[in-house]
Amino acid sequence: MKTYYCDLEISLEVIGGKWKGLILYHLIKGPKRTSELKKLVQSISQKMLIQTLRELETDGLIHRETYKQVPPKVEYSTTELGQSLEPMLRALCSWGGDYAAKTFSEDEYQILSVE
């Protein structure tokens, strides 16, 4: 049995890390293929992308759909549980924007839209 000392520990174990939030953010907007996610999360390595997708699938936050065609097609989408994170991810995006505006001068950062 694993012991947790607060609910936040559980949340961070499931969605913590550098990449999970970004991947979920993009998948909440709609299903994506691996190559699409790689373009959206540009600084992630292919190995780390696949590993993170597997972890999110194991935790029940995303679904992996394999289409039987040549060449094979794999598509990822959020499950209902993964979709339930949307309000929290939107709040984190808003907080990040507010933080950047208060902390950095305008020439110290930029937000590029990759979609």
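This text gives an overview of the structure that appears in the document. As the structure is a prediction and not an experimental result, all values here were calculated from the model.

### Considerations on the overall build of the protein chain
Phase 1: For the protein chain, the helix and strand inventory stands at six helices and three strands.
Phase 2: In the protein chain, the succession of helices and strands from N to C terminus is α-α-β-α-α-β-β-α-α.
Phase 3: With the C-alpha coordinates aligned to their principal axes, the bounding extent of the protein chain is approximately 50 × 40 × 25 Å.
Phase 4: A total of 115 residues make up the protein chain; the buried ones form 26% of that total.
Phase 5: Residue pairs in contact within the protein chain that sit at least 24 positions apart in sequence constitute 49% of those at least 6 positions apart.
Phase 6: In the form shown here, the protein chain has an accessible surface area of approximately 8,400 Å², with 55% of it arising from carbon and sulfur atoms.
Phase 7: Across the protein chain, the 15 positively charged side chains and the 16 negatively charged ones have centroids separated by 9 Å.

### Re the nonpolar core
Phase 1: Among the nonpolar cores identified, the biggest contains 18 residues, and Ile23, Leu24, Leu53, Ile62 and Tyr76 are the most heavily contacted of them.
Phase 2: Counting residues per element, the ones that place at least two in this core are helix H2 (20-28), helix H4 (46-58) and strand S3 (73-78).
Phase 3: In terms of residue count, H2 provides more of this core than any other element does, four residues in total.
Phase 4: If we ignore the near neighbours within four places in the chain, the residues touching Leu53 are Ile23, Leu37, Ile62 and Tyr76.

Rules behind the numbers
In this convention, every chain numbers its residues from 1, walking through the sequence in written order. The predicted nature of this model means local features are confined to residues of pLDDT at least 70 and side-chain atom pairs, given and counted, to a pLDDT of 80 or more, with totals for whole chains, interfaces and linings taken over all residues. The side-chain figures draw on all heavy atoms in the structure; neither hydrogens nor water molecules are used. Helix numbering and strand numbering both begin at the N terminus, where a helix is a DSSP run of H or I of at least 4 residues and a strand a DSSP run of E of at least 2. Think of it in three bands: with a 1.4 Å probe and only protein chains considered, a residue is buried below 20% of the maximum accessible area for its type, exposed above 50%, and partly exposed in between. Throughout, a contact is declared for two residues whenever any of their heavy atoms are within 4.5 Å. Here the open area of atoms and residues is found with the Shrake-Rupley method and a 1.4 Å probe, where only the protein chains shown may cover a residue. Counting rule for charge: Lys and Arg are taken as positive, Asp and Glu as negative, and neither His nor the chain ends is counted. To locate a charge, take NZ of a lysine, CZ of an arginine, CG of an aspartate or CD of a glutamate. To define a nonpolar core, start from buried Ala, Val, Leu, Ile, Met, Phe, Trp, Tyr and Cys residues and group those joined through side-chain atoms within 4.5 Å.

Scope: geometric values only; no functional claims are made or implied.
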